[in-house]
Amino acid sequence: MEAESAPSRSISAPLRAAWMAGRHALSRAARLALDIALPTLCVSCREPVDGEGVCAACWSRLSFIERPYCPRLGIPFVYDPGPDMLSMEAIASPPAYQRARAAVRYDDVARTLVHALKYQDRTDLAPAMGRWMARAGGELLAGADMLVPVPLHWQRAWRRRYNQSGALARIIARQSGVKVRGDVLRRVRATEQQIGLSRAQRATNVQGAFQVSADLQAEIQGRRIVLVDDVLTSGATADACARALLRAKAAQVDLLVFARVVESGPRPI
């Protein structure tokens, strides 16, 4: 732990931010030069495409989440069970965040989009993904005071050069008019990748990993916050973030993601 924290103390936050911004600008310039020389390919099927990197056929293969769904967790129902009927997950294990909404199910096409945005510098996908998120989260955004993207630890942000959740939040902000605050919530402890961990291991992995800066708690107090992330799987990361914001006296925390894992099989409630 000491080895991890020493670089954080020796390098100031503004310097890290400036360095990452510069690297991101160079990456965008290089990608622009490549786009001029070569046609853009659909991130899913690899066919040439104009515009935002996903062809119309692949967009049509996405499974968009529409009503009826659980009013608490946004889990789609097979049929409409009636108003205010909660899913089994919401009844058995309610999270710290109040409501969750997702644009699409986390299927093969959605996974390809998310991985390209997160790991392959395909920030050109963020506008389309963010617009669908704004549409899916309309009721959450209507009463929100701010958008808070799920933060990366500074070491991971240094390697990745940008935060995919922040890129999505900025698009949602332009669509909704709700401001983004990427500075109020920090990931204070480096964690393992959640991929491959059980539900219990995921919760343990992120326990105590997030914190609201002491000098910014007054800006959180009494506010209605929409937490923004790319994917909802077990909900452990979002739950840990929501608990940190609620400890800082946020009035309510909701969650808005691009894709969520939906278990197959009948879901009457």
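(A) Region of the structure containing the pattern of salt bridges. Counted under the stated rule, the structure contains eleven salt bridges. One salt bridge in this structure joins arginine 122 and aspartate 124, with 2.8 Å as the shortest N-O distance. For arginine 122, a relative accessible area of 13% corresponds to the buried category. Among the salt bridges present, the one from arginine 181 reaches glutamate 219, with a minimum N-O distance of 2.4 Å. One end of the pair, arginine 181, is in the loop between helix H9 (164–176) and strand E3 (185–187); the other, glutamate 219, is in helix H11 (residues 217–220), with 38 residues separating them in the sequence. A relative accessible area of 31% places glutamate 219 in the partly exposed class. Bridged by salt links that share partners, the residues Arg67, Arg101 and Glu139 form one connected network.

(B) Quick look at the layout of surface pockets. The space that makes up the second largest pocket amounts to roughly 670 Å³. Along the wall of the second largest pocket there are 28 residues; nearest its centre are Tyr97, Arg199, Ser234, Gly235 and Ala236. Put simply, the parts of the chain that give the lining of the second largest pocket at least two residues each are helix H10 (199–206) and helix H12 (236–247). For the lining of the second largest pocket, the leading source of residues is H12, giving five residues.

(C) Spotlight on H10. Arg202, Asn205 and Val206 are the residues of H10 that are buried. Buried residues of H10, seen end-on, are gathered within an arc of 80° and therefore sit on one face of the element. Exposed positions of H10 whose direction lies more than 90 degrees from the buried face are Ala200 and Thr204. Looking at the buried side of H10, the elements it contacts are strand E4 (210–212) and H12. Phi for glycine 208, located one or two positions after H10, is positive at around 70°.

(D) Layout of the pairing of strand E2 (residues 146–149). Here E2 shows a buried face lined by Met146 and Val148 and a second buried face lined by Leu147 and Pro149. In terms of strand pairing, E2 meets strand E5 (residues 224–232) through four bridges, oriented parallel. Within E5, the position partnered with proline 149 by the bridge is valine 228.

(E) Just unusual backbone geometry, in detail. Put simply, arginine 67 and proline 68 share a cis peptide bond, and its omega is 10°. Take proline 68: it is sitting in the loop between helix H3 (56–61) and helix H4 (88–92). Unlike most non-glycine residues, aspartate 84 shows phi in positive territory, near 65°. Considering the arrangement of structural elements, one finds aspartate 84 in the loop between H3 and H4. Note on aspartate 84: relative accessible area 68%, which makes it exposed. Of note, lysine 249 is a non-glycine position whose phi angle comes to about 75°, a positive value. Residue position: lysine 249 is located in the loop between H12 and strand E6 (252–260).

The rules we used
- Here the residue numbers are simple positions, counted from 1 along each chain's written sequence.
- Owing to the predicted nature of the model, reporting of local features is limited to residues with pLDDT of at least 70; listing and counting of side-chain atom pairs is limited to 80 or more, with chain, interface and lining totals taken over all residues.
- Only hydrogens and water are removed before side-chain values are computed, so all heavy atoms of the structure are retained for them.
- The salt bridge criterion pairs a side-chain nitrogen of Lys or Arg with a carboxyl oxygen of Asp or Glu, the two atoms within 4 Å.
- Working definition: with a 1.4 Å probe on protein chains only, accessible area under 20% of the residue-type maximum means buried, over 50% means exposed, and in between means partly exposed.
- Comment: elements are numbered from the N terminus, with helices defined as DSSP H or I runs of at least four residues and strands as E runs of at least two.
- The rule is simple: put a 1 Å grid over the protein atoms alone, call a set of points where a 1.4 Å probe fits but cannot get out a cavity, call an open set with protein on both sides within 12 Å along at least five of seven lines a pocket, and count a residue as lining if it has an atom within 4 Å of a point.
- Grid points are joined across faces, edges and corners, and a volume is the space filled by probe spheres set on the points.
- Note: the arc covers the axis-to-C-beta directions of the helix.
- By definition, residues are in contact when any of their heavy atoms lie within 4.5 Å.
- For two strands to pair, DSSP has to find at least two bridges joining them.

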